[in-house]
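# Chains, contacts and geometry: an overview
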Amino acid sequence: MIALAKAGAGFVFTVIVVLQVWVVPGILDVVVGWVPELAGLRDAGVVLTGILSLCVLAALVCLWRLLTCADHGRLFEDGAIRWVDALIGCVAAAMIVVVVGCGVAFGAGAGSRAVLLMTGLAMVAGLGVALILGGLREVLRQAVLLQDQVAAGAHA
């Protein structure tokens, strides 16, 4: 099951890289063709989309490392907690990029209620994911403590 999850993460990683390099700039060119007023936002859109993609790629690397820890029976060690912390950091960074993107859109006069609504929804989703990861981090921390106590009791 872990091998299947790793294969899925590797596939998603590859798809994101392909989208980031080839598809996103092409889509932004089409959007600029439809709405010429957004031409000034094309480069900012490519950069912010690239940074957001990097956040997702970094999160996939963290997930890969957690799956590797689980595969080797080391999930209940302090090292795994650091990977969960890194995942939470990726979510926080992605939320910052979304807010910056909203600010850029409004700064260029391209913002609307729809942009504000989408930013709000992205923030709610990001906070939800961060809270779930924070809860899972605490469960993992408790499991590490219990494992350490059991190991200490077995040696006594």
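Residues numbered from 1 in each chain as written. Predicted model: local features only at pLDDT ≥ 70, side-chain atom pairs only at ≥ 80, totals over all residues. Heavy atoms only, no water.

### Observations concerning the overall build of the protein
Scanning the protein from terminus to terminus reveals four helices and zero strands. Taken from the N to the C terminus, the helices and strands of the protein come in the order α-α-α-α. Against the compact-globule benchmark of 15 Å for 156 residues, the protein has a radius of gyration of 20 Å, which places it well outside the compact range. The principal-axis extent of the C-alpha atoms belonging to the protein is close to 75 × 30 × 20 Å. The buried share among the 156 residues of the protein stands at 22%. The long-range fraction of contacts in the protein, counting pairs at least 24 apart against all pairs at least 6 apart in sequence, stands at 72%. Accessible surface computed for the protein: about 9700 Å², of which carbon and sulfur atoms make up 75%. (Helix = DSSP H or I, 4+ residues; strand = E, 2+ residues; numbered from the N terminus. Rg over C-alpha atoms; globule rule 2.2 N^0.38 Å. Buried < 20%, exposed > 50% of the residue type's maximum accessible area, 1.4 Å probe, protein only. Contact = heavy atoms within 4.5 Å. Areas by Shrake-Rupley, 256 points an atom, 1.4 Å probe, with all protein chains shown as cover.)

### Brief notes about the packing of helix 2 (residues 42-71) against helix 3 (residues 78-107)
Contact pair helix 2 / helix 3: the axes reach a minimum separation of 9 Å and the direction vectors enclose 165 degrees. Accordingly, the angle class assigned to the pair helix 2 and helix 3 is roughly antiparallel. Helix 3 is crossed by helix 2, and the crossing has left-handed handedness. For the contact of helix 2 with helix 3, a count of residues per class yields 22 nonpolar, one polar and one charged. (Axes fitted to C-alpha atoms, helices over the stretch in contact; angles between N-to-C directions. Parallel < 35°, antiparallel > 145°, perpendicular 65-115°, else oblique. Left-handed = near helix turned anticlockwise from the far one by under 90°. Nonpolar A, V, L, I, M, F, W, Y, C, P; charged D, E, K, R; others polar.)

### Details of the pattern of salt bridges
For the structure shown, the criterion picks out four salt bridges. Aspartate 85 serves as the salt-bridge partner of arginine 137, at 2.4 Å between the closest nitrogen and oxygen. Placement of the pair is arginine 137 in helix 4 (residues 113-155) and aspartate 85 in helix 3, with a sequence separation of 52 residues. With its nearest N and O atoms 2.5 Å apart, the salt bridge here joins arginine 141 to glutamate 138. One end of the pair is arginine 141 and the other is glutamate 138, both in helix 4 and three residues apart, which spans about a single turn. Overall, arginine 141 belongs to the partly exposed group, its relative accessible area being 29%. Under the relative-accessibility criterion, glutamate 138 is labelled partly exposed at 33%. (Salt bridge = Lys/Arg side-chain N within 4 Å of Asp/Glu carboxyl O.)

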